[in-house]
Amino acid sequence: MRLYWKVVLINGAVLVAATLVLVFGPVSVSRQPAASEAAVLLPGLAVMLLANALLLRSSFRPVEKVVAEYDAMLERLEDERAASNAKALAAQEQERHRIAQELHDEVGQQLTVVLLGLKRIEQQLPPDLGEELATLRESVREGLDDVRRVARQLRPGVLEDLGLASALASLASDFAAQSPAAVQRQVAPGLPPLSPESELVVYRVAQEALTNAARHSGATSVVLCLSRVGGSVVLEVTDDGRGFDPTIAGAGLRGMQERARLVGADLTISSTRGATVVRLAVPVAA
Ligand SMILES: Nc1ncnc2c1ncn2[C@@H]1O[C@H](COP(=O)(O)OP(=O)(O)OP(=O)(O)O)[C@@H](O)[C@H]1O
Ligand SMILES: [Mg+2]
């Protein structure tokens, strides 16, 4: 029987029982209820409420069981989703690491060999040909710089070697070199240390936020700020560009959210015309 009809039947049965007791029982209620009448009616009401509650409880028990199972299933699914995201992000980091190393060790080394060879030949050539070769050598050197920059962005080795503040400084100067916007960096001194995972999340969020500002915002000024607020280290990337609707997320914004969740950090994006703020608050381990 459907739950609705069960409840209607139970309530109906209790009310019918109460009515029968009132009609056929020794109870009567006068216009001005006397204390003796109240003494009979009130326990009667209590019995009625209790009977109703007990009868309804057994009807609702299966529903509560289903809801509890459903909640547990949702929780399990959420845990599995978070675990598989964590795995995917870890695999992505590993792959970036591998590609960065290959770029550095293979492409980078070969370009360096070409560069040295060109320099050697250049010295033996007549001046007019030497000039042409120098232009060629300059292109190879720029290519090598690009390879090193891409490798650095893929694997923030500077994060491991020099720490978060230096890694953010290097990100900011890469950004300044590629974007017409002026970038200002404000890193508070003496920030509490974060776990390597949290530092990587701060770095990746700053990287995506700066890339988005350069690609989409049309900003003239970008501020990258790292400070301590209460028990958290807070990263803020602010641009004065055209703004956007942050509820329509692409892979970049979703990636930031996923990474933040992995280390229990809180990511918020607020955006209006002229002020977009990406804010990441990472709790400092006690
Ligand atoms: N700082 C910003 N200013 C203006 N618009 C932005 C800014 N950041 C993001 N957006 C808008 O939000 C969209 C989604 O950003 P998201 O980073 O998720 O994706 P994407 O940058 O387009 O691609 P991907 O990051 O995957 O390479 C962007 O396409 C852009 O329209
Ligand atoms: Mg993006």
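Conventions used here
- Residues numbered from 1 in each chain as written.
- Chains lettered and ligands numbered in written order.
- Predicted model: local features only at pLDDT ≥ 70, side-chain atom pairs only at ≥ 80, totals over all residues.
- Heavy atoms only, no water.
- Near = heavy atom within 4 Å.
- Polar contact = N/O pair within 3.5 Å; in protein donor to acceptor, adjacent residues only side chain to side chain.
- Areas by Shrake-Rupley, 256 points an atom, 1.4 Å probe, with all protein chains shown as cover.
- Helix = DSSP H or I, 4+ residues; strand = E, 2+ residues; numbered from the N terminus.
- Donors = N, O, S within 2.8 Å, 3.2 Å for Na, K, Ca; no water.
- Salt bridge = Lys/Arg side-chain N within 4 Å of Asp/Glu carboxyl O.
- Buried < 20%, exposed > 50% of the residue type's maximum accessible area, 1.4 Å probe, protein only.
- Domains from an automatic or database assignment.
- Patch = residues over 30% accessible without salt bridge, like charges linked within 9 Å, V, L, I, M, F, W, Y side chains within 5 Å.
- Pairing = 2+ DSSP bridges.
- Axes fitted to C-alpha atoms, helices over the stretch in contact; angles between N-to-C directions.
- Contact = heavy atoms within 4.5 Å.

A. Up close: the site of ligand 1. The environment of ligand 1 is made up of 14 residues, and the closest members are Glu208, Asn212, His216, Asp239 and Leu253. The side chain of Asn212 places a nitrogen or oxygen atom 2.8 Å from an oxygen atom of ligand 1. When ligand 1 is considered free in solution it has 600 Å² of accessible area, and contact with the protein chains removes 73% of it. When residues of the shell around ligand 1 are traced back to their parent elements, those giving at least two are helix H6 (196-217) and helix H7 (251-262).

B. Focus on the coordination of the magnesium ion (ligand 2). Around the magnesium ion (ligand 2), the donor atoms from the protein are Glu208 (OE) and Asn212 (OD1), and they sit 2.0 to 2.2 Å away. Taken as a pair, Glu208 and Asn212 lie in helix H6 at a separation of four residues, close to a single helical turn.

C. Representation of the pattern of salt bridges. In total, this model carries 12 salt bridges according to the counting rule given. Salt-bridge contacts for Arg141 lead to Glu138; the nearest nitrogen and oxygen are separated by 2.6 Å. Residue Arg141 and its partner Glu138 are located together in helix H3 (residues 127-154), separated by three residues, close to a single helical turn. You can call Glu138 partly exposed: its relative accessible area is 33%.

D. Just the domain arrangement of the protein chain, in detail. Per the domain assignment, the segments making up the protein chain are domain 1 (3-81) and domain 2 (163-286). One C-alpha centre belongs to domain 1, the other to domain 2, and the line joining them spans 56 Å.

E. Fine view of a nonpolar patch on the surface. A cluster of nonpolar residues, Val16, Leu20, Leu22, Val23, Phe24, Val29 and Leu41, forms a patch on the protein surface that exposes about 680 Å² of accessible area. When residues in the nonpolar patch are grouped by element, the largest group, five residues, is from helix H1 (residues 3-24). Tracing the chain through its elements places Phe24 in helix H1.

F. Main features of the sheet that holds strand S3 (residues 232-239). Here five strands make up an open sheet; going across it, the order is S1-S2-S3-S5-S4 and the pairing mixed. The open sheet has two edge strands with one neighbour each: strand S1 (182-187) and strand S4 (266-272). If you compare each strand with its neighbour and ignore which way they point, the axes differ by 10° on average. With eight bridges joining them, S3 and strand S5 (residues 275-283) adopt antiparallel strand pairing. Among the inter-strand pairings, Ser232 is bridged to a residue of S5, identified as Pro283. Against the sheet, helix H5 (residues 164-178) contacts S1, strand S2 (221-229) and S3, and its axis sits at roughly 170° relative to S1. Packing against the sheet, H7 makes contact with S4 and S5, and its axis sits at approximately 150° to S4.

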